[in-house]
Structures are given as C-alpha cells and as structure tokens.
Amino acid sequence: IVERLAQDSAGLDETYRVSIRLGLSYVLGTIDARAGMASTLQHVAQMAESPLHEVNAVLVTMLHHLWQGDFAEAERYKERVELLNVERVRPQGSDGSHLPRELAAYAAVDDLTRVKQTLDRIEATAGDRSGWRPVHRWARAEYERIRGDLAAAEREVRAAFEAMPLHGHLIWCEVAGTHARILLELHEYEMLQKVGLAYLDRAEVQNMGIACNTIRLPLAIALARQGAGERAVALAQRAVEHCREVDSTGMNPFLAHEARARIASILGDSE
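What this report covers is the structure whose coordinates are included nearby. (Residues numbered from 1 in each chain as written. Predicted model: local features only at pLDDT ≥ 70, side-chain atom pairs only at ≥ 80, totals over all residues. Heavy atoms only, no water.)

### Topic: the overall build of the protein
Which entries qualify depends on this criterion: Each helix is a run of H or I in the DSSP string that is no shorter than four residues. Each strand is a run of E no shorter than two, and both are numbered from the N terminus. Only the C-alpha atoms count toward the radius of gyration. The rule for a globule is 2.2 Å times the residue count to the power 0.38. Working definition: with a 1.4 Å probe on protein chains only, accessible area under 20% of the residue-type maximum means buried, over 50% means exposed, and in between means partly exposed. Any two residues whose heavy atoms approach within 4.5 Å at even a single point are treated as in contact.
In terms of regular secondary structure, the protein is built from 14 helices and zero strands. Listing the helices and strands of the protein from first to last along the sequence gives α-α-α-α-α-α-α-α-α-α-α-α-α-α. Relative to the 2.2 N^0.38 estimate, which gives 18 Å for 271 residues, the radius of gyration of the protein is 19 Å and therefore close to what a compact globule would have. Along the three orthogonal principal directions, the C-alpha set of the protein runs to about 60 × 40 × 40 Å. When each of the 271 residues of the protein is scored for burial, the buried share is 49%. In the protein, the proportion of contacts linking residues at least 24 apart, taken out of those at least 6 apart, comes to 62%.

Dropping the structure here:
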C-alpha cells in the first residue's frame, strides 16, 4: 500500500493520502520496533511531522527503546505520552495496538512488575472487544508463567488460542512462542518438539518475520536437552542469522545469542 501511495496516490486526494500514509507509518513502526530495526526511526520522523500523530510517534519511539533493551529511556517516553495528553483538551493516542509488542519485550526478560502493569492496560483496552480477548489471555499467560504458575499459564495459552477466529490472529505467533517457553520450563521436551515444529512451520509459511525466533529458541534448547545437538545448533544459528539479515539490534540478537550459548553449555562445547 505504501508503494502504491508513492506511485500515484492510489486515486486518493492529498488529505486522504497523507492520513493513510501516516497511519501506516504507525503500523510499520510498531512492527519494525519489535524487530529491532533502525527503519523504525524513519517511520517516527514521518509521524512527527503531523501534530495529529505526535503521540503515536512517541509511542513507537518508546517501543524502539524497549526492543533495544533500554528500559529506562522507554519509561521516559511513556511519561512524555502522559504529559502530551495532559496538555490536550482531547487526549490523543493510538488504539492500544502497541501494547502487545510492549508486553512481549517485558516478558522476554521476565520483568514481572512491568508485565503486570501492561496486563492491566491490556485488560482495560480489551473491554468487550472480541478481537482483544486472545491478547488479554496471552498477557495473562505471560504473567502466570513469570510468577511461576506454569499450569495456569498453559491454561491461559489454550484459552488464547480458543479465543482466536478460525483464520488466526495477529499475535498467534507470540502466543505460540509463549507456549513453547512454558513447555520448556515444564521440561516437556517431547511435547515441545511436537507442537514447536508445527508452530514453526506455520510461522515460516506465513512469513511472521523475527517473531519466529520466539518459537525457534525454546525449541532449539529442548532439542539440545534431548541430545539432538546438530538440529539444536542449526535452529539457534538460524535465529542469529535472521537477526543479521534484517539488521536487528538490541534484544532480539541478544536473546538469539543467549540461547545459542545455553545450547553450547548443554552440549559441553566450551568454545
């Protein structure tokens, strides 16, 4: 759509073209921030040119810092959003679609306090909107996983999948990754291998990008635990290479290298 708008405005007048382009900058910015890509800041620069998208530009910048691993800087941008909205008669802001990517960052490092805070905001945003029910149950699954109630976490994951429409959901890959982590922490290596390979096949077919690593990494560790060293190394190395291919920096390559190091430790590879 962005390419079409750049070519001939897609038959839209300038007002609609600019509005749609800025909306897409927000969507693409949240995706690129999650992937740890420098292109995130290009989308931010485009949104920052419009007073109507100033808050969205700050939200995407906050996500960028989160996925670069700078949580302190991310908190400063959260405070900026609050200040900007206080200054306005009618608060500005997104539809909350940045929240799942925010929660995923906190969950990746087992930050229970911030996961709980984001869960509360997701719950408030979800309300009676059916499309947000899988997001809410997934957020609860991560909260339960980090606090150590793995049985409750697995129930929430299943509830998240059940709440999704038949054609799937935007965050199904994140939910699959959470399920893989839960099974790893339960030491259910055979089950993880079975469902993890199915999850990964689907994620790769649907081109879910760097989110595939949320499945690859726990699956690779489980394979190493089962003695399938070569397959484990290959999967972990693929996660590392995926980060390089998209020039991802910050937490994504950190998590990939961390998993690769864990596998090396399991296999007794001192190098």
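### Digging into the packing of aromatic side chains
Just so we agree on the cut-off: Between rings of Phe, Tyr and Trp, where Trp is taken as its six-membered ring, a pair exists when centres lie within 6.5 Å; planes separated by under 30 degrees are stacked, by over 60 edge-to-face, and by other angles tilted. Put simply, a charge is over a ring when the Lys NZ or the Arg CZ is close to the ring centre, within 6 Å, and near the line of the ring normal, within 35 degrees.
This structure, assessed with the given rule, holds two aromatic pairs. Taking 5.4 Å as the distance between ring centres and 80 degrees as the angle between the ring planes, the aromatic pair formed by Phe-71 and Tyr-106 counts as edge-to-face. Here the residue Phe-71 occupies a position in helix α5 (residues 71–87), and Tyr-106 occupies one in helix α6 (residues 99–108), the gap between them amounting to 35 residues. A cation over a ring is seen here: Arg-202 above Trp-172, with NZ or CZ 4.0 Å from the ring centre.

### Describing the pattern of salt bridges
Definition in use: Just to be clear on terms, a salt bridge is a Lys or Arg side-chain nitrogen sitting within 4 Å of an Asp or Glu carboxyl oxygen.
Under the criterion given, the structure shown has 20 salt bridges. Two residues, Glu-142 and Arg-145, come together in a salt bridge whose shortest N-O distance is 2.7 Å. Taken together, the residues Glu-142 and Arg-145, both in helix α8 (residues 133–147) and three residues apart, mark about one turn of the helix. For the pair Glu-142 and Arg-145, a shared accessibility class is recorded, and that class is buried.

### A short note on the packing of helix α3 (residues 40–48) against helix α4 (residues 54–67)
Two numbers describe a pair of packed helices, the interaxial angle and the distance between the axes. Where we set the bar: Only the stretch in contact is used when fitting a helix axis, every axis being a line fitted to C-alpha atoms; angles between N-to-C directions are given from 0 to 180 degrees. Any angle that is under 35 degrees is reported as roughly parallel, and any over 145 degrees as roughly antiparallel; angles of 65 to 115 degrees are reported as roughly perpendicular and all others as oblique. Definitions for this section: a left-handed crossing has its near helix turned counterclockwise from the far helix by less than a right angle. A right-handed crossing has that turn clockwise.
With their axes 8 Å apart at the nearest point, α3 and α4 run at an angle of 165 degrees to one another. Judged by the inter-axis angle, α3 sits roughly antiparallel to α4. The element α3 and its partner α4 pack so that their crossing is left-handed. Residues Thr-40, Leu-41, Val-44, Met-47 and Ala-48 of α3 form the contact with α4, whose own contacting residues are Glu-54, Asn-56, Ala-57, Val-60, Thr-61 and His-64.

### Description of α4
To keep things clear, this is the line we draw: Every helix has an expected span of 1.5 Å times one less than the residues it contains.
In this model α4 runs 20 Å from its N-terminal to its C-terminal C-alpha over 14 residues, within 8% of the 20 Å that 1.5 Å per residue would give. A large share of α4 lies buried, amounting to 13 of its 14 residues. In the segment just after α4, Gly-69 is the residue with positive phi, at about 90 degrees.

### Section: helix α13 (residues 229–245)
Put simply, the test is: Here the arc refers to the set of directions running from the helix axis out to each C-beta atom.
Its 17 residues give α13 an end-to-end C-alpha distance of 24 Å, which sits within 8% of 24 Å, the value for a rise of 1.5 Å per residue. Taken together, the buried positions of α13 are occupied by Gly-229, Ala-232, Leu-235, Ala-236, Ala-239, Val-240, His-242 and Cys-243. Buried positions in α13, seen along its axis, are confined to an arc of 165 degrees and lie on one side of it. Facing away from the buried side of α13 by over 90 degrees, the exposed positions are Glu-230, Arg-244 and Glu-245. Those residues of α13 hidden inside the fold are in contact with α11 (189–205), α12 (213–225) and α14 (251–266). After α13 finishes, the residue Asp-247 shows a positive phi value of roughly 55 degrees.

### Overview of the nonpolar core
Operational definition: Grouping buried Ala, Val, Leu, Ile, Met, Phe, Trp, Tyr and Cys residues that are joined through side-chain atoms within 4.5 Å yields what is termed a nonpolar core.
Counting 72 residues, the largest nonpolar core has Leu-66 and Trp-138 as the members making the most contacts within it. In this structure, Leu-66 is in contact with Phe-71, Ala-74, Glu-102, Ala-105, Tyr-106 and Met-251, ignoring residues within four places of it in sequence. Formed by five residues, the second largest nonpolar core is a distinct cluster that contains Tyr-26, Val-44, Ala-57 and Val-60.

### Overview of a nonpolar patch on the surface
This is how the line gets drawn: To count toward a patch, a residue needs a relative accessible area over 30% and no salt bridge; like charges are then connected within 9 Å, while nonpolar side chains (Val, Leu, Ile, Met, Phe, Trp, Tyr) are connected within 5 Å. Here the Shrake-Rupley method, with its probe set to 1.4 Å, supplies the accessible areas, and only the displayed protein chains count as covering residues.
Taken together, Ile-1, Leu-12, Tyr-16 and Ile-20 make up a surface patch of nonpolar side chains, about 410 Å² in accessible area. Note on placement: Ile-1 falls in the segment before α1 (2–8). Among the residues examined, Ile-1 registers a relative accessible area of 72% and is labelled exposed.

### Brief notes about the packing of α8 against helix α10 (residues 172–185)
Under the convention used in this document: Gly is placed with the polar residues, together with every amino acid not listed as nonpolar (Ala, Val, Leu, Ile, Met, Phe, Trp, Tyr, Cys and Pro) or charged (Asp, Glu, Lys and Arg).
Axis separation between α8 and α10 bottoms out at 10 Å; the angle between their running directions is 25 degrees. If you check the angle between α8 and α10, you find them roughly parallel. Between α8 and α10 lies a crossing whose hand is left-handed. Of the residues in α10, those in contact with Trp-138, Ala-141, Glu-142 and Arg-145 of α8 are Glu-174, Val-175, Thr-178, Arg-181, Ile-182 and Glu-185. Broken down by class, the residue content of the contact of α8 with α10 amounts to four nonpolar, one polar and five charged.

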